[in-house]
Each structure stands twice: as structure tokens, then as C-alpha cells.
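Residue-level structure breakdown
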Amino acid sequence: MRPIQATIHLAALRHNLDVVQMSAPQSKVIAVVKANGYGHGLLNVAQGLKAADMFAVLRIEEATTLRDASYQHPILLLEGVFDAYELPLAAQHQLSLVIHCVQQVEMLEQVTLARKVQVFVKMNTGMNRLGFKPELYPDIVKRLERCENVAQLCLMTHFATADDARGVGQAQAIFNASVSGLQHPISLANSAAILRYPEAHADYVRPGIMLYGASPVAGVSAQSYGLQPVMRLGSKIIATQNLQAGESVGYGAIFTAEKPTRIGVVACGYADGYPRHAPNGTPIAVLGKRTRTVGRVSMDMLFVDISEIAEADIGAEVELWGNTVSVDEVAQASGTIGYELLCAISSRVPMKVVE
Ligand SMILES: *Cc1c(COP(=O)(O)O)cnc(C)c1O
């Protein structure tokens with residue numbers, strides 16, 4: 001069998017959830033498991049995160065998958081419903097809905113539901129993606145308070161710059177000014193705000209990336225936040241090559257040896273989700289030792305410099321990311337973020353869940 005494998009560590013999920021709970025001890029935790037659990041497998045991560053108070057997903061199908069697997073947690077649909085016909089199904093499965101636009105308010109007012117639904121009313125505090133303008137927000141909340149299909153109501157926003165120097169202050173001030181007359185639970189914080197802004201924790205926090213052991217903040221390691229990587233992407237060397245000085249490797253010959261160089265060919269390529277943009281020198285580990293990639297990543301293979309790892313031969317264990325090389329390091333070298341690499345793991349990579 002082709003040796004690539006993603007190992008999912010449930011103990012790391014539990015540990016990272018503990019980090020969230022210790023960081024925000026007054027808040028309930030909505031574990032964000034959208035995008036197939038950030039690439040780790042929805043049901044794998046639900047298992048590791050079952051101690052969370054609530055789950056959040058994007059699509060109603062993800063929510064029903066969790067219900068079919070007997071998870072009875074409240075589940076939040078992060079963009080609400082996309083069509084009115086989804087509302088009865090959402091109510092039947094006791095899903096909570098984000099309400100971000102007037103059309104969704106109207107849908108909820110016009111439908112007859114077997115039971116009431118919890119709603120999270122979203123304010124646009126500067127992201128300008130989803131949500132009601134602050135000046136319209138109180139009236140929308142009051143309108144929803146009168147809607148007979150609404151059970152509990154929560155107030156929420158999403159920060160655009162929680163991960164950089166601008167922070168959440170401006171967005172939080174806009175939010176607070178708008179909700180001052182309203183008495184409902186509040187949810188504001190994604191991972192970056194959980195780790196950086198205790199004053200934004202409020203009643204419900206919404207961690208995503210930190211649960212998977214990657215960092216939400218560029219230039220700050222997940223390890224420094226006490227997080228543990230959940231996914232280890234591993235494979236093996238399937239061929240070796242000895243390059244003389246002046247010889248190149250791979251498509252486009254983007255790496256040329258300056259001295260005799262021993263190369264391992266690894267069974268992992270961009271069709272597995274490894275970034276094609278990873279340049280020469282991207283960190284990677286062979287037999288537990290850190291080294292570098294060389295040459296262009298191809299669809300099914302990539303190259304590693306094993307000149308300094310004499311014991312590495314065909315069959316040697318390679319870590320693309322995990323404990324020795326963080327996904328954030330590979331992402332940074334490739335001009336992206338850990339989120340993208342984790343979500344992009346391809347379905348042809350077998351997953352193994354371990355305690
Ligand atoms: C994805 C998402 C989150 C989680 O964000 P992280 O940066 O991964 O912690 C939180 N809230 C909303 C509304 C989201 O869409």
C-alpha cells in the first residue's frame with residue numbers, strides 16, 4: 001500500500017479543548033468543526049471534542065451527519081440556512097441558526113415549525129462579510145424576539161483582525177455600543193481572540209484552528225500557546241538518487257546540487273494536499289530529523305535532502321508535518337496558513353485515528 005497516512009490524535013484534541021477551557025473559564029465552548037473538521041474528518045474530531053458544549057458547522061448535511069452519529073450537542077449552522085426549505089429540517093434536528101440578513105429573518109417569520117430554534121444574530125462590525133449593520137441591529141433583534149419560531153437568542157460578531165496588531169478593540173466598541181440595551185448571551189471570539197483578548201471571551205467562544213493544534217497568529221507558534229498538533233502527515237521514501245554537483249532534480253529543475261547530494265523521493269505530492277508552492281528548503285523530517293525539501297513538488301511525489309541522514313534509505317519514515325515540523329512552518333514557507341494546508345488534505349490520504 002502507498003505509505004502516506006494522516007494520523008489523527010484524539011488526545012491532542014482533548015488537550016487543546018482543555019487549553020480553550022482554561023483560557024476562557026467563564027465561557028461555553030462552541031467547537032468549530034466545519035470543513036470536515038478542518039480536514040481531520042468530521043466524526044474523528046467530534047469524537048475527540050465531545051466534551052465541548054456545542055458544535056459549529058457550515059452545512060446542514062454536516063449537522064445531520066453528527067446527529068446520525070448520535071451527537072446530541074447543540075449544533076450551530078455558521079451561515080444559517082441558505083433556503084427556507086431547510087428550516088423544518090433544522091428545527092427537527094434542533095440546530096441553532098446564525099441569522100445574518102433580512103431574508104433569513106423573513107424566512108423564519110413565514111415558516112411554521114414543529115419546535116422553536118435558537119438563533120445567533122450576527123452583527124457586521126467591520127469585516128463587511130456577513131451580518132447586520134450596527135445601527136440596524138437592535139431593531140432586528142427586537143423583531144426576532146417577537147418571532148414565534150425563535151427560542152433563545154444570542155448576539156454575535158466575528159472579528160476581522162483578531163490575529164494582528166489592530167486587534168479587536170474597534171470592533172468590540174462598535175458591538176458594545178449597538179447591544180447596550182439588549183439582554184442576551186454574547187459570542188465574539190475565534191481562536192485568535194481567545195488567546196489574545198480575554199476581554200472578548202463573553203458567553204460563548206468559537207475556537208476552530210487552535211483545537212487542531214495550529215496557530216491562528218502568524219509568527220507565533222502553536223507550541224508557545226501550549227497547543228499540540230492533532231494531525232501528523234507521514235509517508236515514506238520510495239526511491240533515492242545521488243546527485244553530482246551540477247545535476248538537478250524534478251520538474252523545472254528548480255534545484256541544482258552545488259555538491260554531491262543524496263535525495264529521497266517521498267510518496268506525497270500536491271494531489272495529497274501538500275502545497276505545490278513549497279519552495280526549496282521547506283522544513284520536513286526524515287527518521288525524526290529535520291531537513292529540507294528540494295525541487296518542485298509534483299502531483300504524487302516530492303524530494304528531500306538526506307545528505308546528512310546516512311541511515312535514511314527506501315522505507316525511511318518521513319514527517320511532512322506533525323510534532324517535529326509544524327504545519328504552520330510548512331505553510332509559512334509556502335506563503336499560506338496552516339488552516340489552508342489542513343483543510344486541503346485530500347480524500348486519497350488514508351486517515352488513522354489514535355487515542
Ligand atoms: C471558522 C469560524 C470560527 C473559527 O475560527 P478560527 O480562526 O479557526 O478559530 C469562528 N467563528 C466563525 C463565525 C467562523 O466562521
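Above this text sits the structure in question.
Structure report, in brief. (Residues numbered from 1 in each chain as written. Predicted model: local features only at pLDDT ≥ 70, side-chain atom pairs only at ≥ 80, totals over all residues. Heavy atoms only, no water.)

**Focus: empty space enclosed by the protein**
Rule in force here: The pocket and cavity definitions rest on a 1 Å grid over protein atoms only: a 1.4 Å probe that fits but cannot leave marks a cavity, an open set with protein on both sides within 12 Å along at least five of seven lines marks a pocket, and residues lining either have an atom within 4 Å of a point. Grid points are joined across faces, edges and corners, and a volume is the space filled by probe spheres set on the points. Charged means Asp, Glu, Lys or Arg here, nonpolar means Ala, Val, Leu, Ile, Met, Phe, Trp, Tyr, Cys or Pro, and polar covers whatever is left, Gly included.
As enumerated under the stated definition, the model contains one cavity of 30 Å³ or more in all. Quantified by volume, the largest cavity comes out at close to 50 Å³. Contributing to the lining of the largest cavity are K122, M123, N124, T125, M127, R129, L130, T157 and H158. The residue makeup of the lining of the largest cavity, split by class, is three nonpolar, four polar and two charged.

**Topic: the packing of aromatic side chains**
Selection rule: Only Phe, Tyr and Trp rings take part, Trp by its six-membered ring, and two of them pair if their centres are within 6.5 Å. Stacked means planes under 30 degrees apart, edge-to-face means over 60, and tilted covers everything else. The helix count covers DSSP runs of H or I at least four residues long, the strand count covers runs of E at least two residues long, and both are numbered beginning at the N terminus. Only protein chains enter the calculation, and the probe is 1.4 Å; a residue is then buried if its accessible area is under 20% of its type maximum, exposed if over 50%, and partly exposed in between.
One pass over the structure, following the stated rule, counts six aromatic pairs. Taking 5.8 Å as the distance between ring centres and 85 degrees as the angle between the ring planes, the aromatic pair formed by F55 and Y71 counts as edge-to-face. Placement of F55 in strand β3 (residues 54–57) and of Y71 in the loop between α4 (60–68) and β4 (75–77) is noted, with a sequence separation of 16 residues between them. Taken as a pair, F55 and Y71 share a single burial class, namely buried. On the numbers, 6.5 Å between centres and 55 degrees between planes, the contact of Y137 with F175 is tilted. In this pair, Y137 is assigned in helix α7 (residues 137–145) and F175 in helix α8 (residues 169–179), connecting sequence segments 38 residues apart. The burial state of Y137 is the same as that of F175; both residues are buried. Put simply, the rings of Y38, Y212 and Y339 touch in pairs and so form one group of aromatic residues.

**Notes on the site of the ligand**
Quick note on the threshold: By convention in these notes, a residue is near a molecule or strand provided one of its non-hydrogen atoms lies within 4 Å of it. Here a polar contact is taken to be a pair of N or O atoms separated by no more than 3.5 Å, where protein atoms must pair a possible hydrogen donor with a possible acceptor and residues adjacent in sequence count only if both atoms sit in side chains.
The immediate surroundings of the ligand are formed by V32, K34, Y38, L78, H158, N190, S191, R206, P207, G208, I209 and Y339. For the ligand, a nitrogen atom lies 3.5 Å from a polar atom in the side chain of H158. Interatomic distance of 2.8 Å between a backbone N/O atom of I209 and an oxygen atom of the ligand. Here the shell around the ligand is composed, by residue class, of six nonpolar, four polar and two charged.

**A few points about the pairing of strand β17 (residues 317–321)**
The line we're drawing: What makes two strands pair is DSSP finding at least two bridges between them.
When you tally the buried positions in β17, you get four out of five residues, the bulk of the element. By the bridge criterion, four bridges tie strand β10 (residues 231–243) to β17 in an arrangement that is antiparallel. Paired with L233 across the bridge in β17 is W321. Examined bridge by bridge, strand β14 (residues 283–286) and β17 share two bridges and lie antiparallel to one another. Looking across to β17, one finds that A285 is bridged to E319.

**Quick notes on the environment of L287**
Short version of the rule: Contacts are residue-level and defined by heavy atoms, with any inter-residue pair within 4.5 Å sufficient.
Among the secondary structure elements, L287 is positioned in the loop between β14 and β15 (289–294). In the structure, L287 is positioned 22 residues away from I309 in sequence and 8.3 Å away in space, judged by C-alpha atoms. Other than its neighbours up to four places away in sequence, L287 contacts I309, E311, A312, A316 and E317.

**Quick notes on the layout of surface pockets**
Taken as a whole, the largest pocket holds about 870 Å³ of empty space. What lines the largest pocket is a set of 40 residues, among which N190, I209, P216, I337 and Y339 lie closest to the centre. Broken down by secondary-structure element, the contributors of at least two residues to the lining of the largest pocket are α2 (34–38), α9 (191–196), α10 (327–333) and α11 (338–343). Of the residues forming the lining of the largest pocket, the biggest block, four residues, is contributed by α10. Split by residue class, the lining of the largest pocket holds 21 nonpolar, 11 polar and eight charged. Estimated volume of the second largest pocket: approximately 270 Å³.

**A short note on the side chain of S96**
When you line up the elements, S96 lands in strand β5 (residues 95–99). Here the side chain of S96 touches Q118 through a polar contact of 2.6 Å, side chain to side chain.

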